[in-house]
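So you can see what is in the structure, the chains are spelled out below.
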Amino acid sequence: MSLTAAPTKDTEYTEIGKKSLIHDPRSGNDNKITLARARGSRVWDDQGQEYLDFTSQAWSNNLGANDPRVVEAAIAQLREITHARPNFNTAVLLELTAKLREITPGDLNRIGYCLHGSLAVEMAIKLAFKNKPGANNLIVLQDAYHGRSITTMAASWPHPNNPFLAISPRFTRVPHPDPYRPRLGMDIEAESKLCLHLLEETITKGVDGSVAAIMLEPIMGNGGHIVLPVSFHKGVRDICNRHGIVLIWDEIQSCFGRTGAMFAADYYGIQPDIMTFGKGIGGGFPLAGIFASDKLNGFDAGEDALTFGQFPVAMAAAVATVDAIISDKLCDNARRLGEYATERLLEMAKHRKLIGHVRGPGLFVSIELVKDRASKEPACKAAEEVYRRGVQKGVLFGDSRYAGLGNLIKLKPPLDCTIADMSTALDVLDEVLASIEADNIA
Ligand SMILES: Cc1ncc(COP(=O)(O)O)c(C=O)c1O
C-alpha cells in the first residue's frame, strides 16, 4: 500500500517504518529498541539511553563496535572502490585472502567469500557435493543451527511450523552428545560413543546412496549452546576419513576468537575439510565465507558467484579487524575474561537456584535457567524476565527464542570487553535473578 501523505516528523517516520517492516511486524516490533550509536561494548538507543551490549549484535562485534581502525579502513576503501563483481579481483580481496591464509588451521588454504553466514553454509554444502559426485546425502546434528536460507533452515533444528518445508531439501539428522542432558543417565563419554556408533550406522544403513558431508557446529550455538566433547569430534573426524566423507565445521559463531582460540578447530585440535566463517570477521560489516582444504577442487565458473559477494568495504574492514584481533591479543582476553565470567557464574549458581548450568568456553558464555535442578525443566519465563529487567538496568543480555529453547541467557560481549564492564553485567545479572526468584517467576 502506498502512503497518501509524506510524513513530516521523525516520529511519523518511526511509526510508519515500524508498521511497514515485514519481519514479524505484529509480534514484538514495537518493543524493539531502536539503536542509534555504538562504541566498543556499548550501544545507545534513539532516546540517548546507554546499554552494555552483551550480545555483540548477534555475537558479531568480536572487536568492539565501531573500532576507529575499522571505521578508518572502511572509509579509506570507500574512497577507492566500493563494488566489484566477482569477475574481477580487487587489491583488498587479495590482501585479505593472503592474510587469512596465515591463520587458517592446517591445509584450509582455499578461501571463498559472501556476505551472510547462511550463504557461506550453502557454499560449503555446494563444495562438498561438488567434490563427491554421485553422493546424495548430507548429515547434520539434531540441534544444529545453520542459518535462515531455505536450505540452511532445512539443515537446522526442525523449525516449528516451517512454512517452507514443501520446497526444502531433506537432510538426515543424527543425535549428538549433550553434556547437560545425557541420554539414559549415561556419562558424557559413553553418550559420545553411542552417538558415534549411531552416526556410523546411519551412514551404512540409515540412508540410501552415499553421504557427501557431515556438517556440524563445533560448539552448537543457537540450538541450545551445547559444547560437544572432544571425543565426539575426534570420532566424527575418524568416521569421515574412513568413509571418504567431507567434514564441514560451521564456525560462523565460533570463529575469530570467540572461544578464546582463533577458531574452534584450534581450540579442539581437530581439522575439518571445510570451515565456514562469518559474524566476527567483518568488524560490524557483512562478511562470511569458507576455508577449504587444498585437497578439494574449487568452484568452476558459474557455480558460485554473487553480485556483492566480494564487497571491498567489508574486506577492508575485515583486514583491520583481523589485524586488531591479533595485535590486541583478543583471543587471550576472551580466554581470561571468559574464565573470570564462568568462575563468577559458578559462584552465583551457589545462591541462585534458577541457574542450572554454566557454559563456556572463552566469551562463548551462557547459563541455562531451570525450574528445578533435578528435572532440568527449562525456566523460559524467568529467562524472558532476565532479558527485560536487564534492559531496564542498562544491560543487553543475549536471549534465545529459537525453536522454543528460550531458557538460555547468553553473555557474549565483544572480545575486548573490560573486566569492569563484565563485572557490572554480572552484578546486574545477579540482582535481576534475585528479583525474579523473589517474584517466583520460572
Ligand atoms: C552456526 C551458525 N551458522 C550460520 C548462521 C547464519 O548466519 P547469518 O545469520 O549471517 O546468515 C548462524 C547465525 O547465527 C550461526 O550461528
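Here the structure is shown first, and the text comes after it.
The numbers attached to residues start from 1 for each chain and follow its sequence in the written order. The predicted nature of this model means local features are confined to residues of pLDDT at least 70 and side-chain atom pairs, given and counted, to a pLDDT of 80 or more, with totals for whole chains, interfaces and linings taken over all residues. With hydrogens and water excluded, all non-hydrogen atoms of the structure serve as input to the side-chain values.

Novice: For this particular structure, what's the right way to read the layout of surface pockets?
Specialist: Rolling a probe over the atoms, with the probe sized like a water molecule, indicates the empty space that remains. Considering only enclosed or pocket space, the second largest pocket measures out at about 540 Å³ in volume. What lines the second largest pocket is a set of 28 residues, and nearest its centre among them are Ile-111, Gly-112, Phe-299, Asp-304 and Gln-310. Those elements that provide at least two residues to the lining of the second largest pocket are helix 4 (91-103), strand 4 (110-114), helix 5 (117-131) and strand 12 (288-292). Runs of E in the DSSP output that reach at least two residues are strands. Runs of H or I that reach at least four are helices, and both are numbered from the N terminus. When residues in the lining of the second largest pocket are grouped by element, the largest group, 4 residues, is from strand 4. When residues are sorted by character, Ala, Val, Leu, Ile, Met, Phe, Trp, Tyr, Cys and Pro go into the nonpolar class, Asp, Glu, Lys and Arg into the charged class, and all the rest, Gly among them, into the polar class. For the lining of the second largest pocket, the class distribution of residues is 14 nonpolar, 10 polar and 4 charged. Site definitions follow a grid-based scheme: protein atoms alone, a 1 Å grid, a 1.4 Å probe that fits but cannot get out for cavities, and for pockets an open set with protein on both sides within 12 Å along at least five of seven lines, plus lining residues having an atom within 4 Å of a point. Grid points are joined across faces, edges and corners, and a volume is the space filled by probe spheres set on the points.

Novice: Looking at this structure, I do not really get the sheet that holds strand 3 (residues 50-53). What am I missing?
Specialist: The pairing of strands in a sheet comes from backbone hydrogen bonds and takes either a parallel or an antiparallel form. Only strands joined by at least two bridges in the DSSP assignment are considered to pair. Strand order in the open sheet made by the 4 strands is 1-2-3-15, with mixed pairing throughout. Two strands lie at the open edges of the sheet, namely strand 1 (35-39) and strand 15 (395-396), each paired on one side alone. Sheet topology note: the strand 1/strand 2 (residues 42-45) ladder contains 4 bridges and is antiparallel. When the bridges of strand 2 are listed, Leu-35 appears paired with Asp-45. In this analysis, two residues are considered to be in contact whenever any of their non-hydrogen atoms come within 4.5 Å of each other. With axes taken as lines fitted to C-alpha atoms, and helix axes fitted only over the stretch in contact, angles between N-to-C directions fall between 0 and 180 degrees. The strands touched by helix 13 (residues 419-438) within the sheet are strand 2, strand 3 and strand 15, with strand 3 carrying the most contacts at an inclination of about 100°.

Novice: What exactly am I supposed to notice about the sheet that holds strand 16 (residues 398-399) here?
Specialist: Taken in spatial order, the 4 strands make up an open sheet running 13-14-17-16, and their pairing is antiparallel. Each having just a single partner strand, strand 13 (355-359) and strand 16 make up the two edges of the open sheet. Where strand 13 meets strand 14 (residues 365-369), 4 bridges bridge the pair, whose relative direction is antiparallel. Note that in strand 14 the partner of Val-358 across the bridge is Ile-367. Helix 12 (residues 380-392) contacts strand 14, strand 16 and strand 17 (408-411) of the sheet and is inclined by roughly 135° relative to strand 14.

Novice: Hey, could you run me through a nonpolar patch on the surface in this one?
Specialist: The grouping of Ile-150, Phe-164 and Ile-167 at the surface amounts to a nonpolar patch, some 280 Å² of accessible area in total. One can find Ile-150 in helix 6 (residues 150-154). For Ile-150, a relative accessible area of 35% gives the class partly exposed. Each patch is built from salt-bridge-free residues with over 30% relative accessible area, joining like charges within 9 Å and nonpolar side chains (Val, Leu, Ile, Met, Phe, Trp, Tyr) within 5 Å. Using a 1.4 Å probe, accessible areas were evaluated by the Shrake-Rupley method; residue-level cover was limited to the displayed protein chains. What counts as a salt bridge is simple: a side-chain nitrogen of Lys or Arg found within 4 Å of a carboxyl oxygen of Asp or Glu. When accessible area is computed with a 1.4 Å probe and restricted to protein chains, residues below 20% of their type maximum are described as buried, those above 50% as exposed, and intermediate ones as partly exposed.

Novice: What should I look at first to understand the site of the ligand in this one?
Specialist: Only a single heavy atom is needed: when it lies within 4 Å of a molecule or strand, its residue is near that molecule or strand. Residues in contact with the ligand, as listed here, are His-116, Gly-117, Ser-118, Tyr-145, His-146, Gly-147, Glu-217, Asn-222, Asp-250, Ile-252, Gln-253 and Lys-279. Polar contacts here mean pairs of N or O atoms no more than 3.5 Å apart (in protein, one a potential hydrogen donor and the other a potential acceptor; neighbouring residues in sequence count only if both atoms are side-chain atoms). Asn-222 is positioned with one of its side-chain polar atoms (N or O) 3.3 Å from an oxygen atom of the ligand. A distance of 2.9 Å separates an oxygen atom of the ligand from a polar side-chain atom of Lys-279. Considering the ligand on its own, with 390 Å² of exposed area, one finds that the protein chains cover 84% of that surface. Residues belonging to the shell around the ligand are distributed by class as follows: 2 nonpolar, 7 polar and 3 charged.

Novice: Help me understand the pattern of salt bridges, please; the structure alone is not making it clear to me.
Specialist: Where charged atoms from two side chains of opposite charge approach closely, those side chains can pair. Summed over all chains, the structure comprises 24 salt bridges. The closest approach of N and O atoms between Asp-332 and Arg-335, which form a salt bridge, is 2.6 Å. Pair noted here: Asp-332 and Arg-335 are both in helix 11 (residues 330-349), with a separation of 3 residues, about one helical turn. You can call Asp-332 partly exposed: its relative accessible area is 27%. Its relative accessible area of 39% is what places Arg-335 among the partly exposed residues. Look at the salt bridges and you will find they share partners, linking Glu-385, Arg-388, Arg-389 and Asp-439 into a network.

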